[in-house]
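What follows is the residue order along each chain.
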Amino acid sequence: MLRGYNLSKIVRKTTIIPIWQNLNHQRQISFTRKFNESEKTTETQRKIRIYTKTGDKGTTSLFTGERRPKNDIFFEALGNTDELNSSIGLTREYCLEMAKNNPDLKKTSELIESILIKIQCTLLDIGSHLATPKSRANQKQLERVSNFDPKLTEELEIYIDKFENELPVLRNFILPSGGKCAGSLHLSRSICRRLERSIQPLLNSNDIDPKVQSYVNRLSDFLFVCARFAAMKEGKSETIYRKNN
């Protein structure tokens, strides 16, 4: 027997409080489950599938919905765009190493990287233009692809002039060289030239904005000058071409 205590009050206290806490806990669990399920649904809706199996027979589609062989001229140009983007991504890593090896080159490294990041984004935009041929796309599809901004080409020209003003005059042919960053920029330049050649047939058939071709042409010039600029900043020598006897 518990003397001096009202047993009914003890029972009420020991039963009502745990039940309320339990109900509150259940509500929290229920809310958490609903929230998690909502998050999972949102993630599922946003998720981009890596494989669709639709290209297993050697064809793939443009933004217009038209399916073409994977070796079609449109996909050749798109592939070159992708390869150039990947090459520039690797180039960025080599350029970041400049600052790690020499802290005095931090600003130079950051400048080059910032320019290359913008170029990579622009290349993705160019991919949208390539995948939406003007002669095959309807008005709604064309509206999805914004007009290519010629100011992007002008920006490259500004950087070309800026870097060239700091470089020694080029009096001989040079071989791709000058360190990892410079060498990787030269590799990106050669891929860019291939992209330019693959775009030409699309330009001839009026399937792409001529301003895209102008940008790609200027981009290869920029990559060449930027390679020389990086070599100079790192104090690396450029290898001069000499004719074999």
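Computed from a predicted model, the values in this text were never measured in an experiment. (Residues numbered from 1 in each chain as written. Predicted model: local features only at pLDDT ≥ 70, side-chain atom pairs only at ≥ 80, totals over all residues. Heavy atoms only, no water.)

A.B. asks: What am I meant to see in the overall build of the protein here?
C.D. replies: Tallying secondary structure elements over the protein gives seven helices and four strands in all. Secondary structure elements of the protein occur, N-terminal to C-terminal, as α-β-β-α-α-α-α-β-α-α-β. A burial count over the protein gives 33% of its 245 residues as buried. A fraction of 76% describes how many contacts in the protein between residues 6 or more apart in sequence connect residues 24 or more apart. (Helix = DSSP H or I, 4+ residues; strand = E, 2+ residues; numbered from the N terminus. Buried < 20%, exposed > 50% of the residue type's maximum accessible area, 1.4 Å probe, protein only. Contact = heavy atoms within 4.5 Å.)

A.B. asks: Explain the nonpolar core to me, please; I cannot follow it from the model alone.
C.D. replies: General note: in soluble globular proteins, nonpolar side chains tend to be found buried as a group. Ranked by internal contacts, the top residues of the largest apolar core, which has 41 residues, are Leu84, Ile119, Leu219 and Phe222. Going through the elements one at a time, helix 2 (73-101), helix 3 (106-130), helix 5 (151-166), helix 6 (180-204) and helix 7 (210-234) are the ones with two or more residues in this core. The element that contributes the greatest number of residues to this core is helix 7, accounting for 12 residues. In contact with Leu84, other than residues within four places in its own chain, are Leu123, Ser188, Ile191, Cys192, Leu195, Leu219 and Leu223. (Core = buried A, V, L, I, M, F, W, Y, C linked by side-chain atoms within 4.5 Å.)

A.B. asks: Would you explain the state of the cysteines in this entry?
C.D. replies: Should the sulfur atoms of two cysteines be covalently bonded, the bond is a disulfide. Within the structure shown, the criterion is met by one disulfide. Here Cys95 engages in a disulfide with Cys181; their sulfurs sit 2.1 Å apart. Here Cys95 and Cys181 share a disulfide; its torsion about the S-S bond, 60°, makes the bridge right-handed. One end of the pair, Cys95, is in helix 2; the other, Cys181, is in helix 6, with 86 residues separating them in the sequence. Summarising the burial analysis for this pair, Cys95 and Cys181 share the class buried. (Disulfide = S-S within 2.5 Å.)

A.B. asks: Where do I start with the packing of helix 2 against helix 3 in this structure?
C.D. replies: A pair of packed helices is captured by two measures, namely the crossing angle of their axes and the spacing between those axes. Put simply, helix 2 and helix 3 touch, their axes get as near as 9 Å, and they point 170° apart. In terms of orientation, helix 2 and helix 3 fall into the roughly antiparallel class. By residue class, the composition of the contact of helix 2 with helix 3 is 16 nonpolar, eight polar and three charged. (Axes fitted to C-alpha atoms, helices over the stretch in contact; angles between N-to-C directions. Parallel < 35°, antiparallel > 145°, perpendicular 65-115°, else oblique. Nonpolar A, V, L, I, M, F, W, Y, C, P; charged D, E, K, R; others polar.)

A.B. asks: When you look at unusual backbone geometry in this model, what are you seeing that I'm missing?
C.D. replies: Negative phi values dominate among residues other than glycine, just as trans dominates among peptide bonds. A positive phi is found at Asn206, a non-glycine position, where the angle reads about 60°. Mapped onto the elements, Asn206 comes out in the loop between helix 6 and helix 7.

A.B. asks: Where do I start with the packing of helix 5 against helix 7 in this structure?
C.D. replies: Between helix 5 and helix 7, the shortest axis-to-axis distance is 9 Å and the interhelical angle comes to 25°. By the angle between their axes, helix 5 is roughly parallel relative to helix 7. Relative to helix 7, helix 5 is oriented so that their crossing is left-handed. Contacts between helix 5 and helix 7 pair Leu152, Thr153, Leu156, Glu157, Tyr159, Ile160, Phe163, Glu164 and Glu166 from the former with Lys211, Ser214, Tyr215, Arg218, Leu219, Asp221, Phe222, Val225, Cys226, Phe229, Met232 and Lys233 from the latter. Considered class by class, the residues forming the contact of helix 5 with helix 7 number 12 nonpolar, two polar and seven charged. (Left-handed = near helix turned anticlockwise from the far one by under 90°.)

A.B. asks: How should the pattern of salt bridges be read in this particular structure?
C.D. replies: Side chains bearing opposite charge may pair, as long as their charged atoms lie close to each other. Counted under the stated rule, the structure contains 11 salt bridges. One salt bridge connects Asp221 with Arg193, and the closest N-O pair in it is separated by 3.4 Å. Residue Asp221 is found in helix 7, and its partner Arg193 is found in helix 6; the two are separated by 28 residues along the sequence. Taking the relative accessible area as the measure of exposure, Asp221 reaches 28% and is therefore partly exposed. The class of Arg193 is partly exposed, set by a relative accessible area of 29%. Bridged by salt links that share partners, the residues Arg193, Glu196 and Asp221 form one connected network. (Salt bridge = Lys/Arg side-chain N within 4 Å of Asp/Glu carboxyl O.)

A.B. asks: Which parts of the structure should I look at to understand the confidence of the model for the protein?
C.D. replies: Caution applies to low-pLDDT regions: their predicted coordinates should not be interpreted in detail. Looking at the protein, pLDDT values average 81 and 73% of them are 70 or higher. Ranking the elements of the protein by mean pLDDT puts helix 1 (residues 7-46) last with 49 and helix 5 first with 97. (pLDDT = per-residue confidence, 0-100.)

A.B. asks: Can you help me understand the packing of aromatic side chains in this one?
C.D. replies: For any pair of aromatic rings, the description consists of the separation of the ring centres together with the inter-plane angle of the planes. On inspection of all chains with the given rule, the structure shows five aromatic pairs. Measuring from ring centre to ring centre gives 6.1 Å for Phe163 and Phe222, while their planes differ by 35°; the resulting arrangement is tilted. Of the two residues, Phe163 sits in helix 5 while Phe222 sits in helix 7, which places them 59 residues apart along the sequence. Per residue, the accessibility class of Phe163 equals that of Phe222, and both read buried. Of the aromatic side chains, those joined through ring pairs into one cluster are Tyr159, Phe163, Phe222 and Phe229. (Phe/Tyr/Trp six-rings, centres within 6.5 Å; stacked < 30°, edge-to-face > 60°.)

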